[in-house]
Amino acid sequence: MHESVIALGIVREIDKHVKSSGPPARIRVVLGELQNVDEVVLGEYMKMYLEEQGLREVDYVFEWEKARFRCSACGYEWSLDELGLTDSERETIHFLPEAIYAIVKCPKCGSRVYDVLSGRGVRIVIEEKER
Amino acid sequence: MILDPRVESAKHQLRSVRAVYPVMSVKGGVGKSTLTVMLSLALRELGLRVGVLDTDLSNPSLHYLYGLEHRKVDVEEDEGYVPPLVHDGIRLSSPVIFTEGGILPARDKDSVNAVLELLAITNWRDVDVVLIDTPPGIHDEQLRLLKLMSGVHTGISRPVIVTTPFKVSLANVSRSLDYINSLHKGEKILVINKHRGRDELSMQASFKCILRVPWDERLDERLVSLEELLQSKAYAELRRQVHSGKDCFF
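Residues numbered from 1 in each chain as written. Chains lettered and ligands numbered in written order. Predicted model: local features only at pLDDT ≥ 70, side-chain atom pairs only at ≥ 80, totals over all residues. Heavy atoms only, no water.

**A closer look at the overall build of chain A**
Stage number 1. Within chain A one finds 4 helices and 6 strands.
Stage number 2. Traced from its N-terminal end to its C-terminal end, chain A shows the element sequence α-β-α-β-β-β-α-α-β-β.
Stage number 3. Its C-alpha atoms give chain A principal-axis dimensions of about 50 × 35 × 20 Å.
Stage number 4. Counting across all 131 residues of chain A, residues that qualify as buried make up 51%.
Stage number 5. Within chain A, contacts between residues separated by at least 24 positions form 74% of all contacts whose residues are at least 6 apart in sequence.
Stage number 6. When the accessible surface of chain A is split by element, carbon and sulfur atoms take 46% of a total near 6300 Å². (Helix = DSSP H or I, 4+ residues; strand = E, 2+ residues; numbered from the N terminus. Buried < 20%, exposed > 50% of the residue type's maximum accessible area, 1.4 Å probe, protein only. Contact = heavy atoms within 4.5 Å. Areas by Shrake-Rupley, 256 points an atom, 1.4 Å probe, with all protein chains shown as cover.)

**Describing the confidence of the model for chain B**
Stage number 1. Of the residues in chain B, 99% have a pLDDT of 70 or more, and the chain-wide mean is 90.
Stage number 2. The ipTM, which scores confidence in the relative placement of chains, is 0.92 for this predicted complex, and the corresponding pTM is 0.92. (pLDDT = per-residue confidence, 0-100.)

**Side note on the pairing of strand E10 (residues 160-163) of chain B**
Residues in a regular strand point their side chains to alternate faces of the sheet.
All names here are of chain B.
Stage number 1. With burial as the criterion, each face of E10 is covered, one bearing Val160 and Val162 and the other bearing Ile161 and Thr163.
Stage number 2. Examined bridge by bridge, strand E2 (residues 19-25) and E10 share 3 bridges and lie parallel to one another. Residue pairing in the sheet places Ser25 in a bridge with Val162 of E10.
Stage number 3. As paired strands, E10 and strand E11 (residues 189-195) are joined by 4 bridges and run parallel to one another. Bridging across to E11, Val160 finds its partner in Ile189. (Pairing = 2+ DSSP bridges.)

**Let's talk about the environment of Asp115 of chain A**
Stage number 1. One can find Asp115 of chain A in strand E5 (residues 114-118).
Stage number 2. Taking relative accessible area as the criterion, Asp115 of chain A reaches 27% and is therefore assigned partly exposed.
Stage number 3. Not counting the four nearest positions on each side in its chain, Asp115 of chain A is found in contact with Arg68, Phe69, Arg70, Ser72 and Tyr101 of chain A together with Arg107 of chain B.

**Notes on the sheet that holds strand E3 (residues 68-71) of chain A**
Residue and element names in this part refer to chain A.
Stage number 1. In spatial order, the strands read E4-E3-E5; together these 3 strands make up an open sheet with antiparallel pairing. Strands at the two margins of the open sheet, each flanked by one partner only, are strand E4 (77-79) and E5. Taking each pair of neighbouring strands and ignoring which way they run, the sheet shows an average axis angle of 30°.
Stage number 2. In this structure, E3 lies alongside E4, joined through 3 bridges in antiparallel fashion. Opposite Arg68, over in E4, you have Ser79 as the bridge partner. (Axes fitted to C-alpha atoms, helices over the stretch in contact; angles between N-to-C directions.)

**Quick look at the state of the cysteines**
Formally, a disulfide is one covalent bond, and it connects the sulfur atom of one cysteine to the sulfur atom of another.
Stage number 1. For the structure on display, the rule yields 1 disulfide over all chains.
Stage number 2. Shown here is the disulfide that connects Cys209 of chain B with Cys248 of chain B, its sulfur atoms set 1.6 Å apart. Of the two residues, Cys209 of chain B sits in strand E12 (residues 209-214) while Cys248 of chain B sits in the segment after helix H10 (233-244), which places them 39 residues apart along the sequence. Each member of the pair, Cys209 of chain B together with Cys248 of chain B, is buried.
Stage number 3. Take Cys71 of chain A: it sits in no disulfide, and the sulfur closest to it among the cysteines is that of Cys109 of chain A, at 3.6 Å.
Stage number 4. The class for Cys71 of chain A is buried, based on a relative accessible area of 3%.
Stage number 5. Lacking any disulfide linkage, Cys74 of chain A is separated from the closest cysteine sulfur, that of Cys109 of chain A, by 3.7 Å.
Stage number 6. Look at Cys74 of chain A and you get partly exposed, because its relative accessible area is 38%. (Disulfide = S-S within 2.5 Å.)

**Details of the sheet that holds strand E1 (residues 26-32) of chain A**
Stage number 1. Within the open sheet, the 4 strands sit side by side as E2(A)-E1(A)-E6(A)-E1(B). Their pairing is mixed. The two strands at the open ends of the sheet, each matched to only one other strand, are strand E2 (61-65) of chain A together with strand E1 (2-3) of chain B.
Stage number 2. Bridging between E1 of chain A and strand E6 (residues 122-127) of chain A involves 6 bridges; their strand directions are antiparallel. Counterpart to Arg26 of chain A in the pairing with E6 of chain A is Glu127 of chain A.
Stage number 3. The sheet contacts of helix H1 (residues 3-21) of chain A involve E1 and E6 of chain A together with E1 of chain B, and relative to E6 of chain A the element is tilted by about 20°.

Listed below in structure tokens is the structure:
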């Protein structure tokens, strides 16, 4: 679990943006299903860091994004639900999402050459106020 | 606007690191990984606490050289993870810690993502300098790493280019300097590995310093343990040059 350092990165990016462009209309923190962060723990750390930065009034929402994969060999597309990963594998992928390439093969053809189409990790989407 | 929190996370993790040395080579087979390990030992003997990051995702090998391959690594969590000690005062962060020795056949943006993730999650506490072993070649992956490092580390960042003394190898380094310089304007170190006799260098001015590691016919058999490596002729000479030319690294 490394939600504290993810929260720190999110708050610092928000802080830089607010200082350079003012408060945005909306902040969405998109959580990729693959990285599987603990939303409650992340939220607690974000609250703490936002207060430390004097950004208590900044509002944001968490949005989850489903992880999708597409095989480069056979074109098959799948989601995490099909895989039945163990807790240990989920924890490994939590730290390093690309570790999935060492763990998972295409469920249809067995290829390890595939793309993560969506839901990899954490990103911040800033929606600006209309000027 | 989309922002990536890992850049700030990586900055935080590297905040107390004095210097970062990406170890690069234009071609494979020049002994880059062995040299990375020897440099870590030589810098450690200067009293520095050393971190080593293996970014060769498809062929990580540092864990073998540090004797980590047979050990089960318990990940210590603290603002990310604290990489294990592989020698007194030397910590190794490697993707194999998460893949139990497996390789990551990651491509293009996946490689850059994985390296940025490793930088964001690796807590370099108690580390003064970090050596980054990169995959062989000067491709997009390595150039992106240089660009990334300039964004996440404010201290000394000095690429170490490893080559052999052969004319073709030196010519390859010379040709690649333009690419490297385009993303790293600062000072660089050249290491001529497997050095024998004299070399005809025409690019001394491009480097802060040049280290010459002698050809050591027994080096391969010394790679069984760090204790053996410390006894090698190649290490003794590298150590002498690192210790007599400390300003090369700072």
